[in-house]
Amino acid sequence: MPTVHPFGLRVSGEVDRSTRHLLEQALAWATDAGQDDIHLDLTQLTFIDAAGLRLIVATAAGLPAPRKLVLMPPPPVVRDLLSLLGWQLSPGLRLYVPKNGSGRSGDDDRRKFKPISPSDPAT
């Protein structure tokens, strides 16, 4: 469901193999329709599989500078999956992946992390 202020999408329910195409279409719309950052409200999300999260990461990586994808606030299921995949959220809720590709969780040293980009192997 689109949101106006801030510009973005609200995702609810489950994102899995049977519903991922809907998220893909919505993210494509948000990418094409706006010039501002895309705010992704995940507060009503109950489940997302790794492929769904990769779709979100790929969308964030594909946004032209200075646009970014901001997660508004991700539920524990998303934070847990991000951690398992070795991705991090900055204090501003931007996605980060380890520079060296390691998925060590608990390492909060931001100097070892960089913003995601389309060439990152984790996407």
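Further up the page is the structure itself.
Residues numbered from 1 in each chain as written. Predicted model: local features only at pLDDT ≥ 70, side-chain atom pairs only at ≥ 80, totals over all residues. Heavy atoms only, no water.

Quick notes on helix α1 (residues 20-33)
Stage number 1. Taking 1.5 Å as the rise per residue, α1 with 14 residues should run 20 Å; its terminal C-alpha atoms sit 20 Å apart, in good agreement.
Stage number 2. When α1 is considered as a whole, its buried residues turn out to be L23, L27 and A30. For α1, the angular spread of the buried residues around the axis is 60 degrees, confining them to a single face. Structural note: α1 exposes Q25 and D32 on the side pointing more than 90 degrees away from its buried face.
Stage number 3. In this structure, the buried side of α1 is in contact with β2 (8-15), β3 (38-48), α2 (50-62) and β4 (69-72). (Helix = DSSP H or I, 4+ residues; strand = E, 2+ residues; numbered from the N terminus. Expected span 1.5 Å × (residues − 1). Buried < 20%, exposed > 50% of the residue type's maximum accessible area, 1.4 Å probe, protein only. Arc of directions from axis to C-beta. Contact = heavy atoms within 4.5 Å.)

What to know about the packing of aromatic side chains
Stage number 1. If you walk through the whole model with that rule in mind, you get one aromatic pair.
Stage number 2. With centroids separated by 5.8 Å and ring planes inclined at 35 degrees, the aromatic side chains of F7 and W29 adopt a geometry described as tilted. With a gap of 22 residues between them, F7 in the loop between β1 (2-3) and β2 and W29 in helix α1 connect regions that are remote in the sequence.
Stage number 3. Residue F7 is classed as buried on the basis of its relative accessible area, which comes to 16%. (Phe/Tyr/Trp six-rings, centres within 6.5 Å; stacked < 30°, edge-to-face > 60°.)

Side note on the nonpolar core
Stage number 1. Of all hydrophobic cores here, the largest spans 24 residues; its most connected members are L27, L40, I48, L53, I56 and L69.
Stage number 2. Among the secondary structure elements, those contributing two or more residues to this core are β2, α1, β3, α2, β4 and α3 (76-84). (Core = buried A, V, L, I, M, F, W, Y, C linked by side-chain atoms within 4.5 Å.)

Side note on the pattern of salt bridges
Stage number 1. On inspection of all chains with the given rule, the structure shows three salt bridges.
Stage number 2. A salt bridge links D41 to R10; its shortest N-O distance comes to 3.4 Å. Here D41, found in strand β3, pairs with R10, found in strand β2; they are 31 residues apart in sequence, far enough to count as distant.
Stage number 3. You can call D41 buried: its relative accessible area is 13%.
Stage number 4. Residue class for R10 comes out partly exposed when judged on its relative accessible area of 31%.
Stage number 5. D37 is the salt-bridge partner of K68, the closest N and O atoms lying 2.9 Å from each other. Of the two residues, K68 is situated in the loop between α2 and β4 and D37 in the loop between α1 and β3; the sequence distance between them amounts to 31 residues.
Stage number 6. Residue classification places K68 among the partly exposed residues on the basis of a relative accessible area of 25%. (Salt bridge = Lys/Arg side-chain N within 4 Å of Asp/Glu carboxyl O.)

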